[in-house]
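As a plain string of letters, each chain reads:
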Amino acid sequence: MADNNHIVVLFDGVCNLCNSTVQFIIRRDPSGIFRFASLQSVYAQTLLKQLGIPSNQLYSIIVVENGVAYQKSDAVLKIVRHLSGAWSLFAVFRIVPKFIRDAFYTGVARYRYRVFGKKEECMIPTPELKARFID
């Protein structure tokens, strides 16, 4: 279970793009503030219900920070703000109107399986990364 000192990232566990994104975040999160759970997990389904988010919406990465859920481009901007290196500079895209950012996000999400592929089952973290994942 995650605590308030961590930011929870809920991701589509069978999506190759989403799994690559999780690996990207882990490599740029040396302080370990992010915790991850597949949207297909019992934990994520319970959390989504608590937050009032339909649990059948597996189209978006969802970031939960201090009990507040961020979806689509807002979730991405929350993530980049906390990454090491110059990645935090991408937070400047917050000035782009949300409807434009979300339209771009939705376009990528719509074709993610076709372009990047899909796994038959959720990824299994390596033993050294297991502590970063919530069951």
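Check the entry above for the structure.
Thresholds, definitions, all that
Residues numbered from 1 in each chain as written. Predicted model: local features only at pLDDT ≥ 70, side-chain atom pairs only at ≥ 80, totals over all residues. Heavy atoms only, no water. Salt bridge = Lys/Arg side-chain N within 4 Å of Asp/Glu carboxyl O. Helix = DSSP H or I, 4+ residues; strand = E, 2+ residues; numbered from the N terminus. Phe/Tyr/Trp six-rings, centres within 6.5 Å; stacked < 30°, edge-to-face > 60°. Buried < 20%, exposed > 50% of the residue type's maximum accessible area, 1.4 Å probe, protein only. Core = buried A, V, L, I, M, F, W, Y, C linked by side-chain atoms within 4.5 Å. Contact = heavy atoms within 4.5 Å.

Colleague: How do you make sense of the pattern of salt bridges when you look at a structure like this?
Modeller: One side chain can pair with another of opposite charge once the charged atoms of both are near each other. Overall, the coordinates contain six salt bridges when judged by the stated rule. Lys 78 is the partner of Glu 65 in a salt bridge, and the nearest nitrogen-oxygen pair spans 3.3 Å. Taken together, the positions of Glu 65 in strand E3 (residues 62-65) and Lys 78 in helix H3 (residues 72-81) put the pair 13 residues apart, joining distant regions of the chain. A salt bridge links Lys 98 to Asp 74, with the shortest nitrogen-to-oxygen separation between them at 3.0 Å. On the criterion of sequence distance, the pair formed by Lys 98 in helix H4 (residues 98-110) and Asp 74 in helix H3 is long-range, its members being 24 residues apart. Salt bridges sharing partners connect three or more residues here, namely Asp 74, Arg 94, Lys 98, Arg 101 and Asp 102.

Colleague: Help me understand the packing of aromatic side chains, please; the structure alone is not making it clear to me.
Modeller: How two aromatic rings sit relative to each other is set out by the distance from centre to centre and by the angle between their planes. Within the structure shown, the criterion is met by six aromatic pairs. Consider the rings of Phe 24 and Trp 87, whose centres lie 4.8 Å apart with planes at 85 degrees: the pair is edge-to-face. Separated by 63 residues along the polypeptide, Phe 24 in helix H1 (residues 16-27) and Trp 87 in the loop between H3 and H4 bring together distant segments of the chain. Look at Phe 24 and you get partly exposed, because its relative accessible area is 23%. On the accessibility criterion, Trp 87 (33% relative accessible area) is partly exposed. Summarising the aromatic geometry, the rings of Phe 36 and Phe 133 are spaced 5.5 Å apart at their centres and angled 35 degrees between planes, so their arrangement reads as tilted.

Colleague: In this structure, what is going on with the nonpolar core? I would like to understand it.
Modeller: The nonpolar side chains of a soluble globular protein tend to be buried with one another. Val 9, Phe 34, Phe 36, Ile 79 and Phe 133 are the most contacted members of the largest nonpolar core, which totals 22 residues. For this core, the elements supplying multiple residues, two or more each, are strand E1 (7-11), H1, strand E2 (34-38), H3 and H4. Sequence-distant contacts of Phe 34, that is, excluding residues within four places in its chain, are made with Ile 7, Val 9, Ile 25, Asp 29, Ile 79, His 82, Leu 83 and Arg 132. In this structure, Val 8, Ala 37, Leu 48 and Val 64 belong to the second largest nonpolar core, which totals 12 residues.

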